[in-house]
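Single-letter residue listing:
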Amino acid sequence: RVATGSDSGFIFEAFGFGYIRALQMLQAACFHPLAVVQAATRNGAELLGMEGDIGSISPGKRADSVLVEGNPISNFKLLYGTGHMKLNREKGVIERVGGVSYTIKDGVVYDAKALLSDVREMVSEARSGRVP
C-alpha cells in the first residue's frame, strides 16, 4: 500500500508545494491519477490509523476540501495555490491556469485568492521595512 507525504520544511522543500510535487511524482511513476488521490486520502488515513475519522467523504467524518479551477485529476499542478503556467495554443500566449479558489477547513470557507493577496501584501511590507 502506498501513501503520499512530503518533507515540507526541510531543505529545498517549501510548505504547500512539496505535497503536490509528491502527487506528480507518483503519477510519473505510472500510478493512475485516481490511485494517486487514493494514496493521498484513504491510504494515508489508514496508515495513520485514522480511517474512521478522515480519508474519505462519508457521514460522521471530518472532510476539509479545496475548490479548484479545472480538473486536478487531469493535471495535479492545478492544485498549486497560484495555479501554473500553460501555453494557450489558440492565442499563442502563456497563461496562468488553475489554482485553489476556496479552501474549506473545519466548516469555514476561506477565499484562497484573497489570502494569497494578503500574503503578497505582508511580504511587500516586510521587505520595505513597514512591518506593522
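Residues numbered from 1 in each chain as written. Predicted model: local features only at pLDDT ≥ 70, side-chain atom pairs only at ≥ 80, totals over all residues. Heavy atoms only, no water.

Student: Let's hear about the sheet that holds strand S5 (residues 108-111): which residues, and what values?
Tutor: Read across the open sheet, the 3 strands follow the order S1-S4-S5; overall the sheet is antiparallel. Of all the strands in the sheet, the pair left with one neighbour each is strand S1 (65-68) and S5. Here the strands of the sheet are splayed against their neighbours by 20 degrees on average, with no regard to which way each runs. (Pairing = 2+ DSSP bridges. Helix = DSSP H or I, 4+ residues; strand = E, 2+ residues; numbered from the N terminus. Axes fitted to C-alpha atoms, helices over the stretch in contact; angles between N-to-C directions.)

Student: Provide a residue-level description of the pattern of salt bridges, including the pertinent values.
Tutor: Tallying each qualifying case throughout the model produces 6 salt bridges. Across the pair lysine 113 and glutamate 69 runs a salt bridge whose closest N-O atoms are separated by 3.7 Å. Here lysine 113, found in helix H4 (residues 112-128), pairs with glutamate 69, found in the loop between S1 and strand S2 (84-88); they are 44 residues apart in sequence, far enough to count as distant. Of the residues examined, lysine 113 reaches a relative accessible area of 35% and is grouped as partly exposed. Using a relative accessible area of 39% as the deciding quantity, one classes glutamate 69 as partly exposed. (Salt bridge = Lys/Arg side-chain N within 4 Å of Asp/Glu carboxyl O. Buried < 20%, exposed > 50% of the residue type's maximum accessible area, 1.4 Å probe, protein only.)

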